[in-house]
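So you can see what is in the structure, the chains are spelled out below.
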Amino acid sequence: VTPDPQMVTLLAAVARQVPTVLLTNNGSLLREEFARIAPVVAALGLPLHAGGDLRLAKPDPAVYRAVAALHGVEPGDTLFVDDSDAYVAGARAAGVRAHLFTGHDAAVAFLRAEGVALDL
């Protein structure tokens, strides 16, 4: 895993403005080893939800609803960014405002359009 420094900076900027979590379809082993696998991202201290722990997986709309519920928010009050068409479609089916990641600038535009005041 080699995190993109520009995207790590964007993730940190988002996390300074709004509660932010990570969601992976991997199991608990990735969550347990995340600090070793992706130390720069892990250093941000964001909650990481593993689909294996939830017994759900993207693109099932239930996984997005479950993560929102864990954080006490409605799916429609959440944003989701992913580079998978299927995962974005699943999030949208759950009522989440979702964006298909195609690059940094488009992600920034989406987040700003959704009201995230980024300090980049």
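Relevant structure appears above.
Colleague: Sorry if this is basic, but what is going on with the packing of helix α5 (residues 61-70) against helix α6 (residues 85-93) here?
Modeller: For any two helices packed against each other, one specifies the inter-axial angle together with the distance between the axes. Contact geometry for α5 and α6: axes closest at 7 Å, N-to-C directions at 60°. When the axis of α5 is compared with that of α6, the two are oblique. The handedness of the crossing between α5 and α6 is right-handed. In this structure, α5 contributes Pro61, Tyr64 and Arg65 to the contact, and α6 contributes Tyr87, Gly90, Ala91 and Ala93. Of the residues in the contact of α5 with α6, the class split is five nonpolar, one polar and one charged.

Colleague: Sorry, what's going on with α5 here?
Modeller: Because the α-helix completes a turn every 3.6 residues, residues three or four places apart line up on one side. Regarding α5, the residues found buried are Val63, Tyr64, Val67 and Ala68. The arc that holds the buried residues of α5, viewed along the axis, is 135°, so those residues lie on one side. Opposite the buried face of α5, by more than 90 degrees, sit the exposed residues Ala69 and Leu70. The inward-facing, buried residues of α5 contact β1 (22-24), β2 (48-50), α4 (51-54), β3 (79-82) and α6. The opening residue of α5, the one whose side-chain oxygen lies 2.9 Å from the backbone nitrogen of Ala62, is Asp60.

Colleague: Just checking my understanding: could you explain the pairing of strand β4 (residues 97-100) for this structure?
Modeller: Along any regular strand, the residues point their side chains to alternate faces of the sheet. One ladder, built from four bridges, connects β3 with β4; its direction is parallel. What sits directly across from Val81, in β4, is His99. Read from β3 through α6 to β4, the crossover connection turns out right-handed.

Colleague: Looking at this structure, how should I read the side chain of Thr24?
Modeller: Mapped onto the elements of the fold, Thr24 is located in strand β1. A residue is classified by how much of its surface remains accessible, and Thr24, at 10% relative accessible area, is buried. Only 2.8 Å separates the side chain of Thr24 from the side chain of Asn26, close enough to count as a polar contact. With residues near it in sequence (within four places) discarded, Thr24 still touches Leu30, Leu48, His49, Ala50, Gly51 and Lys58.

Colleague: What is the right way to look at unusual backbone geometry in this model?
Modeller: Cis geometry marks the peptide bond from Lys58 to Pro59, where omega comes out at 15°. Along the chain, the position of Pro59 falls in the loop between α4 and α5. For Arg55, which is not a glycine, the phi torsion comes out positive at approximately 60°. Among the secondary structure elements, Arg55 is positioned in the loop between α4 and α5.

Colleague: I tried to follow the nonpolar core on my own but got confused; where do I start?
Modeller: Note that soluble globular proteins tend to have their nonpolar side chains buried in a common cluster. Within the largest apolar cluster, 10 residues are counted, these being Leu23, Val63, Tyr64, Val67, Phe80, Val88, Ala91, Ala94, Val96 and Ala98. Those elements that provide at least two residues to this core are α5 and α6. The element contributing the most residues to this core is α5, with three residues. The residues touching Phe80, leaving out its near neighbours within four places in the chain, are Lys58, Tyr64, Tyr87, Val88, Ala91, Val96, Arg97, Ala98, His99 and Phe110.

Conventions we followed
In every chain, residue numbers begin from 1 and rise along the written sequence. In view of the model being predicted, local features appear only for residues whose pLDDT reaches at least 70, and side-chain atom pairs are presented and counted only at 80 or more, with totals across whole chains, interfaces and linings using the full set of residues. Values shown for side chains rest on all heavy atoms present in the structure; no hydrogens or waters enter the calculation. The convention used is that axes are lines fitted to C-alpha atoms, helices contributing only their stretch in contact, and that angles between N-to-C directions extend from 0 to 180 degrees. Going along the chain from the N terminus, every DSSP run of H or I of four or more residues is numbered as a helix, and every run of E of two or more is numbered as a strand. Each angle receives one of four descriptions, namely roughly parallel if under 35 degrees, roughly antiparallel if over 145, roughly perpendicular if within 65 to 115, and oblique otherwise. Should the near helix be turned counterclockwise from the far one by less than a right angle, the crossing is left-handed, whereas a clockwise turn marks it as right-handed. The contact criterion used throughout is that any non-hydrogen atoms of two residues lie within 4.5 Å. Three categories are distinguished: nonpolar for Ala, Val, Leu, Ile, Met, Phe, Trp, Tyr, Cys and Pro, charged for Asp, Glu, Lys and Arg, and polar for the others, with Gly belonging to the last. Partly exposed describes any residue whose relative accessible area lies between the buried limit of under 20% and the exposed limit of over 50%, with all areas from a 1.4 Å probe on protein chains only and scaled to the type maximum. Directions pointing from the helix axis toward each C-beta atom define the arc. Any pair of N or O atoms that falls within 3.5 Å is considered a polar contact. Within protein, one atom must be able to donate a hydrogen and the other to accept it, and sequence-neighbouring residues count only if both atoms are side-chain atoms. Any two strands are treated as partners once DSSP identifies two or more bridges connecting them. Here a crossover is taken to be right-handed if, once the strands point away from the viewer, the path from the first strand over the helix to the second is traced clockwise. In these notes, a set of buried Ala, Val, Leu, Ile, Met, Phe, Trp, Tyr and Cys residues joined through side-chain atoms within 4.5 Å is what counts as a nonpolar core.

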